Structures are given as structure tokens and as C-alpha cells.
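Residue strings, one per chain:
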Amino acid sequence: KVSEPTMEMTFSVNDSPLAGKEGKFVTTRQIRDRLYRELLKDVSLRVSDGDSADEFRVAGRGEMHLSILIENMRREGFELTCSNPRVLIREIDGVKCEPMERVTIDVPMEYVGAVVEKLSQRKGDLIEMTPVGNRTRVEYIIPSRCLFGYRSEFLTATHGEGVMNSIFDSYQAWRGEISMRLTGCLVASEAGETTRYGLFNTQERGRMFIGPQTQVYEGMIVGENPKNDDIALNPCQAKHMTAVRSTGADEKLLLVPPKIFTLEEAIEYINDDELIEVTPKSIRLRKKILNTELRLKAEAKLKKS
């Protein structure tokens, strides 16, 4: 028996201001043909039409399953945007149920506390804890959605020494809402090319995702705000000309190296109101609503409701 999908993402045509500049296949028809062609060889994949003509709901067996498909498409020259992953909910005997993963973790003893604390916060149930030499093997049953974004956090917490494997276990009762990301975003408010001066003034607000001389557009996510709200700013700001001249003045503007996302990290990172723009050359994070004014109005409306 072929296992049924447990997770879905929305694939759509790239509609950003930089659309069509890096990819060879960019139209709805080309993306549709490619996805349905994938169904001929991947029996656990499901593709259906989305809410609009430019969208497709693609369901698979997990984040890795879907990220491999996206990576293959971008290497073939496709441009597309992807939503964050969503688990597929089922109703069993009148009860709302979600997919659960059996997670096996092998970590040095000194990091067990940090791992157990985080997985318990993410609604995981500890099944077994076994010492193996100077390491500990821990088994958890945890909702699939609660693992989103945890893998990179896990590697940081265990200093790269931890090993984590997960496999689908069963469908169990829905375990309630959980906040996965506690940080906000730094969002570009204008289009243009980033400058060293603009990034230097911006980096004190949070961690940057881009370096100098990078093309950005309004609504593109350029960094992370440690606080749980979004900030619109201009990383393309140019230094005003003055009468004072100083050799090497710009060299004194020291920039912190930016965090560059892999595709898997980007999929784990984004929230419901964000998208990943995938092209053969770039992986960009962006807001669904690019216009700053319209986005703020939509956020205010959402808070009222």
C-alpha cells in the first residue's frame, strides 16, 4: 500500500517584480505540465487546482518530499512561488485529527535537557529515553506541524552533534494551536539595489538575510526582527553627499555576514502571510501582499477580527 500524503503546499506563478528575469519556464501552463508529469513517476504525490487559475495544491509525504520536487524544478529552469507547508487534517469518528511523527533523537547527555524542553513546548509526548554510552536516545510522538522550523534549532541547541530522524506514525486528535515563530520580519519598503550604507543602518534592527548590491523590491523580506512584529525599512538608502571627503569612509561601515537560507530552511521559516520565490539562481522570501500600505491595512483588519 502506498502511504497517503500528510502535508500540502501551494505552488503558484511567480508574480514578483523580478519575475521572469532568471527562469526559463514561468507560465501557469508550464508549471501545470511539469507537476502532472511528476505524478507519472511519484505515486505518493497529489496535485489539484488551487483557489485561482495560477495556483496548484501539491500534497506529499513531508517537507523533504516537497522540497526535493521544488529543488528539481528550479534546477530545470522553473520559476515559481511556494507557500508554507500545511498538514492535511482528517476527521476520524467525528474527531478532528492530524498526522503525528515518531521522532528518534540521539544526542550527547549534556544537551538532553534543552531538547526535551523544546519538544515538550511543541506538544510532543516522551515515549522513551535510553542512555547509550555517553549519549542518550530519546523517542517522541509529536504533531508533524510542530516539527516545522525545529531542525535548524535542534542543530544549534546540540552544537551540531545531535542526530534526528522522524517517520509518520498515525493520525491522532488535534492538539490545538501553537506559535512556531516568535520573531518578526524586516521588510523592504522600496525597490532598488541595496547599499552598504543602507544595510549598515538597517542591521541594528535585526539579523539581515541579504548583502550589499542585491536587487530587492517592496514587500521582500530582507531580515529578521527579534520582536514579534514586522518593520518596513529601506536597505537601498544612499549616503547623502556632503562637503566633507574622507578616503575609505565606506570601508568603516562593517556589515555582519547575512543569513543565507537553503530551500529547506526557507520552507521551515515562513509564516502563513509569506511566500518563497524560487528561481534557478535565487531563493527569496517575500510577503503575500507586497504593497506596504495594503499589507498594514490587511494586518489591522485581521487583528480586529
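Residues numbered from 1 in each chain as written. Predicted model: local features only at pLDDT ≥ 70, side-chain atom pairs only at ≥ 80, totals over all residues. Heavy atoms only, no water.

**Here's the deal with the sheet that holds strand β11 (residues 184–188)**
Pairing within the open sheet is mixed, and its four strands lie in the order β13-β15-β11-β16. Every interior strand has two partners, whereas the edge strands, β13 (207–208) and β16 (231–233), have only one. In the sheet, β11 pairs with strand β15 (residues 221–225) via four bridges, with the strands oriented antiparallel. From the neighbouring strand, L186 faces β15, where its bridge partner is G223. (Pairing = 2+ DSSP bridges. Helix = DSSP H or I, 4+ residues; strand = E, 2+ residues; numbered from the N terminus.)

**Observations regarding the layout of surface pockets**
The space that makes up the largest pocket amounts to roughly 2000 Å³. Looking at the largest pocket, it is lined by 48 residues, and the ones nearest its centre are M180, R181, Y269, I270 and N271. Secondary-structure elements contributing two or more residues to the lining of the largest pocket are β5 (86–87), α3 (112–121), α4 (150–157), α6 (263–269) and α7 (292–304). By residue number, the principal contributor to the lining of the largest pocket is α7, which donates five residues. Its residues placed into classes, the lining of the largest pocket shows 16 nonpolar, nine polar and 23 charged. Estimated volume of the second largest pocket: approximately 550 Å³. Lining the second largest pocket are 24 residues, and of these E63, M64, R151, S166 and E268 sit closest to its centre. Those elements that provide at least two residues to the lining of the second largest pocket are α2 (63–75), α4, β10 (163–173) and α6. No other element matches the five residues that β10 contributes to the lining of the second largest pocket. Tallied by class, the residues present in the lining of the second largest pocket amount to ten nonpolar, seven polar and seven charged. (1 Å grid on protein atoms, 1.4 Å probe; cavity = no way out; pocket = protein on both sides within 12 Å on 5 of 7 lines; lining within 4 Å. Points joined across faces, edges and corners; volume = space filled by probe spheres on them. Nonpolar A, V, L, I, M, F, W, Y, C, P; charged D, E, K, R; others polar.)

**Section: unusual backbone geometry**
With phi around 65°, K123 is a residue other than glycine that occupies positive phi space. Its place among the elements puts K123 in the loop between α3 and β8 (125–132). Judged by its relative accessible area of 27%, K123 falls in the partly exposed class. Phi is positive for Q213, which is not a glycine, with a value near 60°. Its place among the elements puts Q213 in the loop between β13 and β14 (215–216). With relative accessibility at 66%, the residue Q213 sits in the exposed group. (Buried < 20%, exposed > 50% of the residue type's maximum accessible area, 1.4 Å probe, protein only.)

**Comments concerning the packing of aromatic side chains**
Applying the stated criterion across every chain, the model contains six aromatic pairs. On the basis of an interplanar angle of 40° and a centroid distance of 4.8 Å, the ring pair of F25 and F78 is categorised as tilted. Remark: F78 occurs in the loop between α2 and β4 (80–82) and F25 occurs in the loop between β1 (7–12) and α1 (28–38); sequence separation between them is 53 residues. On the numbers, 5.8 Å between centres and 65° between planes, the contact of F168 with Y171 is edge-to-face. On the basis of relative accessible area, F168 is assigned to the partly exposed category, the value being 29%. Joined through ring pairs, the aromatic side chains of F209, F261 and Y269 make up one cluster. (Phe/Tyr/Trp six-rings, centres within 6.5 Å; stacked < 30°, edge-to-face > 60°.)

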